[in-house]
Each structure stands twice: as structure tokens, then as C-alpha cells.
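These are the residues of each chain, in order.
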Amino acid sequence: MGNSESTFWRVIDYFQNNIDWILELTVEHVVLVGSAIIVAILIGVPLGIYLTTNEQLASTVLNIAGVIMTIPSIALFGIMVPIFAVINQGIGFVPAFVALILYSQLPIIRNTYTAIHNVNPQIRDAAYGVGMNTWQRLFKVEIPNTIPVIMAGVRTAVVLNIGIGVIAAFIGAGGLGILISQGITRGYHEMIISGAIAISILGITADLFLRFLQRLLTPKGIS
Amino acid sequence: MIQYKNVTKVYGEDVTAVDQVSLDVNEGEIVVLLGPSGCGKTTLLRMVNGLESVTDGDITFNGESIKDLNEIELRRKIGYVIQSNGLFPNMTIEQNVTVVPTLLGWSKEDKKKRYEELMELVGLDAEDYRKRYPHELSGGQQQRIGVIRALAADPPAMLMDEPFGALDPIIRERVQDEFLAIQRELNKTILFVSHDIDEAIKMGDKIALMKDGQLMQYDKPSQILQNPANDFVAQFVGKDRMVKSLTIHRIEQLMERYDLLVSSIEKGEIATVSKSSNLRDVLSYILESKQQAVHVVDENDEVIGQVDFALVNQYMIDLADSNEPVVNP
């Protein structure tokens, strides 16, 4: 009891003494995960929408994205190193960035595909019937009515990547994973626990922010 | 205005949904496509605005083959109404109503004005509903919005796919009456899909009865009821087809052939009906009041005579004998 209590205080101490560094690592983490997610959305959402027009390709792409997710994260980051070594980017930001993009594709593509695929057929029919062209149908009807489902995929991807982003530290891409990787090497428990807490706080905050964003983007008529 | 010429629709290899159908829809008419489910009536309707392709034959709109017209522009020129779920849930009522004008690039002021006109047409408060969303409305209200959305850009023709099918019977009756009143003013050319013979008799200037993709009979409701072309039609319209046909005829029409009976009974002693009532209602009132006849009153609520069962019977026999086309209300 006394031991765990003192561990608690030592973690608090660690936080207080290293707050600047922890914030710096947090910013690195946010930049890495954030930029990966933005690119992942730019790829995944249009791809998910496109797949609704091509059933055969859809199952292939969803299977590939599914397989990528089953690769253990540390292995996926490991694979990136020799691949990007070819262009002299074997360690650091680039391999981690690409690995995170790949990792977040499944939830984003699958949710977008499912959402657009399952738009009420009568509503889609009405959109055709009033004379909307493909883009108008997509942007005036299909996407607005499926924002909650698409956003749920993005949220899953963000929270997932904040956790997996820890591995980035092992291939020199920085971020909060530094606290954990160094803590393990040095047997420094307070450092590991601080890292884990910081990542949890970041994940919860990001999810709350995205929930808020989702509410903002969802049309009033369907909430 | 809309002409089907030997239109055939085949799905996949060998599923024939529509088989060699030819029919003309004249300007200002309501034509009801009627038949059991799977008879091809909806497919037939959806081919007009290109929601279904035409396998063989041709459809013309205003004399031009729809194959030569731009699909998107054609759809904006033809109002389209489906069951109540067809409103866009993400748009306000005003946005829903003015969706076609928006696509056509109308100015804000024009759209606002049009929205207000249309809401007045169906007796809904424009201000009250402007910012509301479809899910906040009852089924009947949603369906009225669906109808005026189709009317928004004042299209010459409308396609209506079981538009009142999702409403309960009482509301349906009311919305049908409202729609007929609007149609009397606007005179749109309308194709209307229904599986309900009573609705078809009520709404249709003509009925096209379909079975297995083939057109069984295309005629005025009175003719379909009184002279069914084959066993299927007779069976579909039902054994009570003569009773149903009574709904087409009104006392006013009967009065063109016969004088009403002179009434010696005091007003109020027997039931009264207005002279615009249909003959089915007249019989129903006679049976309900357990009397031999009902009083007929004019617009000023003055008794102008009475009608009894024998007179209605006489009228129907004469009609059948003369086999004269009857003007539909």
C-alpha cells in the first residue's frame, strides 16, 4: 500500500519535473498522428465512396485493409524501415507516418463504404428523381446523411493511431513512445507510467474533440 | 404528352418486367398504372425519367424520344413523388421543397416566394415549417411536402409511385381529395402507380391495368368496371365492381338524365346528401337511415328533390345499355 502510494507521488513528481519535455513529445505525437490521419482521410473517404460503385474491387480492397490491420504493429513499423531505407528515409518520421496511414485505412474505408452503401434506397432514388447529378447526390444527400457513420470510422482510426503511434519511437520518429521505450530500457517505472497516462489523456481528449466535431458536422435533421 | 411505343424491359437474361406496352398519356390527364405487385407498373413509370433503361421500343415526352433528351434535365422537368421516405432528412422543409429550383439555379427571392405559394396550396403554414426537418412531421404532412416538392419548378408532368401508399386510410382519403382539388387547378399530366383499385377509380381519368408486364386494359375507370376486357380484369376489379362503379357517378350526372323525384317529405325527416355526392354514398345513406330515399340539397342547402334505390338502379341499367362513355368527375 505504502509502496504504491509512493509510486503515485513519484509519477506526479516526474510529470512536474519533466512537463516541458512531455509537452514537446505530445506535440510530436499529435503532429505525427494528426498528419497521418489527415492523409488517411483524404485517401480512405474517397476510396470508400468509390468502392460503392465497384462491388468486386470493394471486397478486395476491404480484405487487403483487413490483412494490414492483422499485422502486429511493431512488425509493420519494422517492415517500413528497410523499404524506406532505399530512399534514405529508413528511420524517423516517414516510415512511421506511412505505417500509421496504412493502419487507419480499414476503419475509415469500411465505415465510409458501409455508410454510403446503406443510404436509404428511397432517398437515393429521390435524389436521382429530382435530377441531381452524381456530385450533387453525393454532397447534398449521401454524405450529409452518413456523417455520423463516417465520423465513427475516423474516431476509431484516431484513437487507434494514438496508441499505435507509441511504436514510432522505436524507429526514431519521436512522440510519447519515447517515454515508454526509454523507460523500459532504463527500468524507470515512473517514466513508463507517465508515458502511458499521457497517451491515455491524449486519446480521450482527441475522442471528445472528434465527438464535438461530429455533432457540429451532422445536419440537425438527422441527429 | 407521354407515349409508350412497344416498350419492353428485360432484366438480366430473361426476366421480362414489361412486355410490349403501348399507351398514350394525354396532356392534363391522370393515368393510373394499376396491378398486383411484380406486374411491372413501377418499372413502366420509372422508364419515363430514365431511372430504368428501356430495353426495346421507345418512350416520347412531348413528341421527343427520351433517348435524345438529357437525363438530368428531363428529370428536372418531370415532378417525381414516391412514398413518404423520399424527403431528404438532412434538409429543412424549405430546402426540400425548393430542391429542384435550387438545382435549376433560381434566385433566393424566387425560391422563397415559390415555397410560400406551395405551402399555401396544401394548407401548411410556411413560417412554421420553414426551418423544421422531415422527421418532425406526420406522415400526411410529409406526403404533402413530397407532392409540392415535385410541383416546385412547375413541371408539365409528374410521376407518382404509390405516393399515398404509406398513409393510413383516413389520412390517405384526405390527401387524395386535396391532391385532386390541386390537380383541377393545375392540370398536370400525371402517371400514377397504385395497387389499389379504389384509389385508381378515384384518382384516374384512365386506368392502365397490368399483369405480368403486359397491358390488360387501358380505359376510363367506368369502362374497366362495367366492361372488363378479360377474366383477369374482372377478377382484379372484384365481384363488387358494379358497386365500385357507383363511386364514379354523381347525383349531378344522374340529374342530367332524369328529374329528381318530387319530395313530399319534410326536410330533416330523412337523410340529406349534396348533389355532388356519388351514388355509392347515396345508397349507403339510404341503407343507413333505414328509409326508402334521401333528400338532395343544392349549394344553398335547399332541398331540390329526392333519390331512391330504384332511380339509381334505373340510371345504372340505362348507362350499361347505352354503353356510352361516362365523363369522369
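If you're wondering where the values come from, they're calculated on a predicted model, not measured in any experiment.

Asker: Just to check I follow, could you spell out the pattern of salt bridges for this structure?
Answerer: Opposite charge on two side chains allows them to pair when their charged atoms are near. Residues and elements named next belong to chain B. For the coordinates displayed, the defined rule picks out 24 salt bridges over all chains. The salt bridge involving Asp177 is made with Lys202; its shortest N-O contact spans 2.9 Å. With Asp177 in helix H8 (residues 169-186) and Lys202 in helix H9 (residues 197-203), this residue pair connects regions lying 25 residues apart in the sequence. Using a relative accessible area of 39% as the deciding quantity, one classes Asp177 as partly exposed. Residues Asp240 and Lys244 are paired through a salt bridge, measuring 2.9 Å at the closest nitrogen-oxygen approach. Relative accessible area serves as the criterion here: at 8%, Lys244 is assigned to the buried category. A cluster of three or more residues bridged by salt bridges with shared partners is formed by Glu94, Lys112, Glu116, Glu127 and Arg130.

Asker: Is there a simple way to think about the UniProt feature "transmembrane region" (unreviewed entry) in chain A in this case?
Answerer: All names here are of chain A. Within this structure's numbering, the places UniProt gives as "transmembrane region" (unreviewed entry) are residues 30-50, 57-77, 83-103, 158-180 and 192-213. For residues 57-77, the end-to-end C-alpha separation is 27 Å, with 90% helix and 0% strand making up the annotated structure. For residues 158-180, the helix share is 48%, the strand share is 0%, and the end-to-end C-alpha distance is 20 Å.

Asker: Even after reading the chapter, I still don't get the domain arrangement of chain B, so can you show me in this structure?
Answerer: Often the size quoted for an interface is simply the accessible area lost on bringing the parts together. Partitioning chain B into structural domains gives domain 1 (2-245) and domain 2 (249-322). Of note, the centres of domain 1 of chain B and domain 2 of chain B, computed from C-alpha atoms alone, are 34 Å apart.

Asker: So what exactly am I meant to see when it comes to the interface of chain B and chain A here?
Answerer: Each side of the interface is counted separately: chain B has 24 residues, and chain A has 21 residues. Across the interface of chain B and chain A, roughly 1,900 Å² is buried in total on both sides, 60% from carbon and sulfur atoms. Together, Phe88(B), Asn90(B) and Leu103(B) form the three largest contributors to the area buried by chain B at its contact with chain A, with a combined 27%. Put simply, chain B and chain A have one salt bridge between them. One salt bridge in this structure joins Arg46(B) and Asp125(A), with 2.7 Å as the shortest N-O distance. Scanning the region where chain B abuts chain A turns up seven residue pairs in polar contact (both at pLDDT 80 or more). Those elements giving two or more residues to the side of chain B that touches chain A turn out to be helix H2 (71-77), strand S6 (78-81) and helix H4 (99-103) of chain B. Among the elements that take part in the side of chain B that touches chain A, H4(B) stands out by supplying four residues, more than any other. For the side of chain B that touches chain A, the class distribution of residues is 13 nonpolar, seven polar and four charged.

Asker: Help me out: how do you make sense of the layout of surface pockets in this one?
Answerer: The gaps left among the atoms become clear once a water-sized probe is rolled over them. Residue and element names in this part refer to chain A. Estimated volume of the second largest pocket: approximately 520 Å³. Along its surface, the second largest pocket is lined by 24 residues, and Ile49, Tyr50, Ile116, Leu138 and Ile143 are the ones closest to its centre. Elements supplying a minimum of two residues to the lining of the second largest pocket: helix H2 (19-51), helix H5 (93-117), helix H6 (121-129) and helix H7 (134-164). The greatest single-element share of the lining of the second largest pocket, amounting to 11 residues, is contributed by H7.

Asker: Any chance you could explain the environment of Thr60(B) here in plain terms?
Answerer: Residue and element names in this part refer to chain B. Among the structural elements, Thr60 can be located in strand S4 (residues 56-61). Given the relative accessible area of 4%, Thr60 is considered buried. A C-alpha to C-alpha distance of 7.7 Å links Thr60 and Met1, two positions 59 residues apart in sequence. When sequence neighbours within four positions are dropped, the list of residues in contact with Thr60 reads Met1, Ile2, Gln3, Lys5, Ser65 and Ile66.

Asker: Explain the sheet that holds strand S8 (residues 189-194) of chain B here, please?
Answerer: Within a sheet, each strand pairs with its neighbour through backbone hydrogen bonds, oriented either parallel or antiparallel. All names here are of chain B. In space, the six strands of this open sheet follow the order S6-S7-S8-S3-S9-S10, with mixed pairing throughout. Looking at strand neighbours, the two that pair on one side only are S6 and strand S10 (214-219), the edges of this open sheet. Adjacent strand axes in the sheet meet at a mean angle of 15 degrees when their direction is disregarded. Relative to strand S3 (residues 30-34), H8 is tilted by about 140 degrees, and along the sheet it contacts S3, strand S7 (157-161) and S8.

Asker: Explain the nonpolar core to me, please; I cannot follow it from the model alone.
Answerer: For soluble globular proteins, the rule of thumb is that nonpolar side chains tend to be buried together. Residue and element names in this part refer to chain A. Counting 52 residues, the largest nonpolar core has Phe77 and Leu176 as its most contacted members. Counting residues per element, the ones that place at least two in this core are helix H1 (2-17), H2, helix H4 (73-85), H5, H7, helix H8 (177-186) and helix H9 (189-217). Element by element, the count of residues in this core is highest for H7, at 10 residues. Not counting chain neighbours up to four residues away, the residues in contact with Leu176 comprise Ile22, Leu25, Thr26, His29, Ala198, Ile199 and Leu202.

Asker: Could you clarify how one ought to interpret the pairing of S10(B) in this entry?
Answerer: In the case of a regular strand, side chains alternate between the two sheet surfaces. Residues and elements named next belong to chain B. By the bridge criterion, five bridges tie strand S9 (residues 206-211) to S10 in an arrangement that is antiparallel. For Leu209, the partnering residue across the bridge sits in S10 and is Gln217. Counted along the chain from S9 to the antiparallel partner S10, the turn is two residues long, and its residue Asp212 has a positive phi close to 45 degrees.

Asker: When you look at the packing of H7(A) against H9(A) in this model, what are you seeing that I'm missing?
Answerer: The geometry of a pair of packed helices is captured by two quantities: the angle between their axes and the separation between those axes. All names here are of chain A. At a closest axis distance of 10 Å, the pairing of H7 and H9 adopts a crossing angle of 165 degrees. Looking at the two axes, H7 sits roughly antiparallel to H9. Regarding H7 and H9, the two cross each other, and that crossing is right-handed. Where H7 approaches H9, its residues Ile147, Pro148, Met151, Ala152, Arg155, Val158, Val159, Ile162 and Gly163 are matched on the opposing element by Ile199, Leu202, Gly203, Ala206, Asp207, Leu210, Arg211, Leu213, Gln214 and Leu217.

Asker: Would you mind going over a nonpolar patch on the surface with me for this structure?
Answerer: A cluster of nonpolar side chains, contributed by Phe209(A), Phe212(A), Leu216(A) and Leu217(A), occupies part of the molecular surface with about 450 Å² of accessible area. The residue Phe209(A) is located in helix H9 in this model.

What counts, and at which threshold
- Residues numbered from 1 in each chain as written.
- Chains lettered and ligands numbered in written order.
- Predicted model: local features only at pLDDT ≥ 70, side-chain atom pairs only at ≥ 80, totals over all residues.
- Heavy atoms only, no water.
- Salt bridge = Lys/Arg side-chain N within 4 Å of Asp/Glu carboxyl O.
- Helix = DSSP H or I, 4+ residues; strand = E, 2+ residues; numbered from the N terminus.
- Buried < 20%, exposed > 50% of the residue type's maximum accessible area, 1.4 Å probe, protein only.
- UniProt positions renumbered as here; feature names shortened; annotations may be inferred.
- Domains from an automatic or database assignment.
- Contact = heavy atoms within 4.5 Å.
- Buried area = accessible area lost by both parts, 1.4 Å probe.
- Polar contact = N/O pair within 3.5 Å; in protein donor to acceptor, adjacent residues only side chain to side chain.
- Nonpolar A, V, L, I, M, F, W, Y, C, P; charged D, E, K, R; others polar.
- 1 Å grid on protein atoms, 1.4 Å probe; cavity = no way out; pocket = protein on both sides within 12 Å on 5 of 7 lines; lining within 4 Å.
- Points joined across faces, edges and corners; volume = space filled by probe spheres on them.
- Pairing = 2+ DSSP bridges.
- Axes fitted to C-alpha atoms, helices over the stretch in contact; angles between N-to-C directions.
- Core = buried A, V, L, I, M, F, W, Y, C linked by side-chain atoms within 4.5 Å.
- Parallel < 35°, antiparallel > 145°, perpendicular 65-115°, else oblique.
- Left-handed = near helix turned anticlockwise from the far one by under 90°.
- Patch = residues over 30% accessible without salt bridge, like charges linked within 9 Å, V, L, I, M, F, W, Y side chains within 5 Å.
- Areas by Shrake-Rupley, 256 points an atom, 1.4 Å probe, with all protein chains shown as cover.

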